[in-house]
Amino acid sequence: MFRRAAKVAFGFAAGSASAYCVTRAEQSKDVPTIPTDVYKVPQEAGARRKDLPEYTVAEIMKHKAADTGIWVTFADGVYDITDFVDAHPGGEKILLAAGSSIEPFWQIYQVHRESDITLKLLESMRIGNVNAQDRVKQLKDAAADPYANEPPRHPAMQVLSMRPFNSEPPRDLLALSFFTPNDIFYVRNHLPVPHVQKEGYAVSVKFGRIEKKFTLDDLRKFPQVTVPVTLQCAGNRRRGMSSLRSVDGLMWDTGAISTATWTGVRLADVLRKVGVTDDGARKKGWKHVVFEGHDGGPDGKYGASISYDRATDAEADVILAWEMNGTELPKDHGFPLRVVVPGLVGARSVKWLNSIEVSEKESQSIWQQKDYKNIGPSFLDRLTAAAAAKEAPPVKEMPVQSAILIPDDSEGIKADQETVIASGYACGGGGRGIHRVDVTPDNGNTWIPAELYETDEGKTEGNKTYGKLIDRPMPQQWAWTLWRAEVPVSLKKKEFELCAKAVNTANDTQPETPKGIWNLRGLLNNSWHCIHIKRDE
């Protein structure tokens, strides 16, 4: 009776670390059919229960298909998940655990172990205990820690998940300079940081039956370029979208975005060197260039792809980078080599690059096929959303975006203060420039145009470097625009909101609210960014 509800809400290693993990608040809003007795499971999840039978691992292994029942184990528990499989957001990947333990999978996606409701939902499908002797062997096999290679991180970073590690800088630190220091550049990891050594490293380039490998020394023989690029996660500002209705995923604030200079070689040059030609690509039907990283887990290695046309266009500035802000790539950002794809969602800029393949098909990884899909506001439950995501195209270019970084949300101002100095960032999306940023203190009744800055030279105010003031928008740019506005505020109001919106060079602008762009995955929130201001007493 309960399993139908579990199909909708239970999160299980679905692509991104917390892509379909359900909080208690989310459950109460979106899945009202879940019976309240799910919270009354008395036993600790996976603990041995005297009232249930014991099964050997050999017996459990016989249950891998629908006709025999699909069983998994967790800790000392045995669970029948047959009725849940069709609803799994990661599709048939869940069957990798059929007849065995889900613990190796949850070693990678540890957010599930930390979710009270996920564990209780799992426990509701409990049918028995693992044989005690077999359980001892399981524990020995699971002793290796896939996160043993994690690098140290800056203590100021705001951590959204530890395993895999994901973090963003505080707003005030992100606002300090045009180029984000490496230590506080946002980190988006889908899997453990792999152990890749510079010595002996080579990236494989494949097309047709031909495969060639390039060491870092080989790549340095190509013409080198340095390109300023802003990378942004598709989930940036997800927290703001969740204020309308609960969404799945890491609750990024405004900091899942950062800017750096990236040094390396153009992908187009490397592909031409190995013999890839446009005529040959047309004849073979090659439409995609597929990237695979060294980072791997139960769902395979991380992968993504971009169009052949973008990959081979020198003006698109897709590069294989080994330096970030003039220094060697940090471990969290893809050491020793990564792809940087300007103008597209950050998920396509694959880190710890293992291989490049010119292909008829786009990447078949779950991060290209099932995650990072904009399915729209009509899909309210996880079952229908997962089905819609399979048919939707992957997110590519980002929409126009802006955010206020200073002042911080709920920051106070003096009782007699008549002007607020606001500053933040704006991105045109897809290489489009920023035409204008407007700021309002009164819900859009009046607007103040901001000054725009697009290089790391010139004006410094306090400890913030704005960059050089521009006279006109650039026709194409891969890096963000910083902005600053002096906004008059009424002395009659003790509390008010400051809101910002940007207009890009294609005259696209941001919607006022997330209502029309809401989606269950919480992607691409580019509604007006607003902060609350209160006068001191």
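Residues numbered from 1 in each chain as written. Predicted model: local features only at pLDDT ≥ 70, side-chain atom pairs only at ≥ 80, totals over all residues. Heavy atoms only, no water.

**Comments concerning the pattern of salt bridges**
At step 1: For the structure on display, the rule yields 24 salt bridges.
At step 2: Between Glu-103 and Arg-135 there is a salt bridge, with the nearest N and O atoms lying 2.8 Å from each other. Placement of Glu-103 in helix α4 (residues 103-108) and of Arg-135 in helix α6 (residues 132-141) is noted, with a sequence separation of 32 residues between them.
At step 3: You can call Glu-103 buried: its relative accessible area is 10%.
At step 4: We note a salt bridge from Arg-266 to Asp-317, for which the minimum N-O separation is 3.0 Å. Note that Arg-266 is positioned in strand β13 (residues 257-266) and Asp-317 in the loop between α12 (308-311) and β16 (319-324), a separation of 51 residues in sequence. (Salt bridge = Lys/Arg side-chain N within 4 Å of Asp/Glu carboxyl O. Helix = DSSP H or I, 4+ residues; strand = E, 2+ residues; numbered from the N terminus. Buried < 20%, exposed > 50% of the residue type's maximum accessible area, 1.4 Å probe, protein only.)

**So, the confidence of the model for the protein**
At step 1: Mean pLDDT over the protein: 85, with 85% of residues reaching 70 or higher.
At step 2: The low-confidence segment residues 1-42 (pLDDT under 50) makes 121 contacts with residues lying over four places distant or belonging to another chain. (pLDDT = per-residue confidence, 0-100. Contact = heavy atoms within 4.5 Å.)

**So, the pairing of strand β3 (residues 69-74)**
At step 1: For β3, the buried fraction is high: six of the six residues fall into the buried class.
At step 2: Side chains Gly-69, Trp-71 and Thr-73 project from β3 onto one buried face, and the interleaved Ile-70, Val-72 and Phe-74 project onto a second face that is buried too.
At step 3: In this structure, strand β2 (residues 64-65) lies alongside β3, joined through two bridges in antiparallel fashion. What sits directly across from Ala-65, in β3, is Gly-69.
At step 4: From the end of β2 to the start of β3, which pair antiparallel, there are three residues.
At step 5: Of the strand pairs in this sheet, β3 and strand β4 (residues 77-80) are connected by four bridges, and their pairing is antiparallel. The partner of Thr-73 across the bridge, within β4, is Val-78.
At step 6: Two successive antiparallel strands, β3 and β4, enclose a turn made up of two residues, where Ala-75 displays a positive phi of approximately 55°. (Pairing = 2+ DSSP bridges.)

**Let's talk about empty space enclosed by the protein**
At step 1: For the structure on display, the rule yields five cavities of 30 Å³ or more.
At step 2: Taken as a whole, the largest cavity holds about 230 Å³ of empty space.
At step 3: Along the wall of the largest cavity there are 21 residues; nearest its centre are Arg-188, Arg-338, Gly-346, Ser-349 and Lys-351.
At step 4: Looking at side-chain class alone, the lining of the largest cavity contains twelve nonpolar, five polar and four charged residues.
At step 5: Taken as a whole, the second largest cavity encloses approximately 130 Å³ of empty space.
At step 6: In this structure, the second largest cavity is lined by 15 residues; those nearest its centre are Thr-230, Gly-343, Cys-427, Gly-429 and Trp-478.
At step 7: Considering only residue class, the lining of the second largest cavity consists of six nonpolar, eight polar and one charged. (1 Å grid on protein atoms, 1.4 Å probe; cavity = no way out; pocket = protein on both sides within 12 Å on 5 of 7 lines; lining within 4 Å. Points joined across faces, edges and corners; volume = space filled by probe spheres on them. Nonpolar A, V, L, I, M, F, W, Y, C, P; charged D, E, K, R; others polar.)

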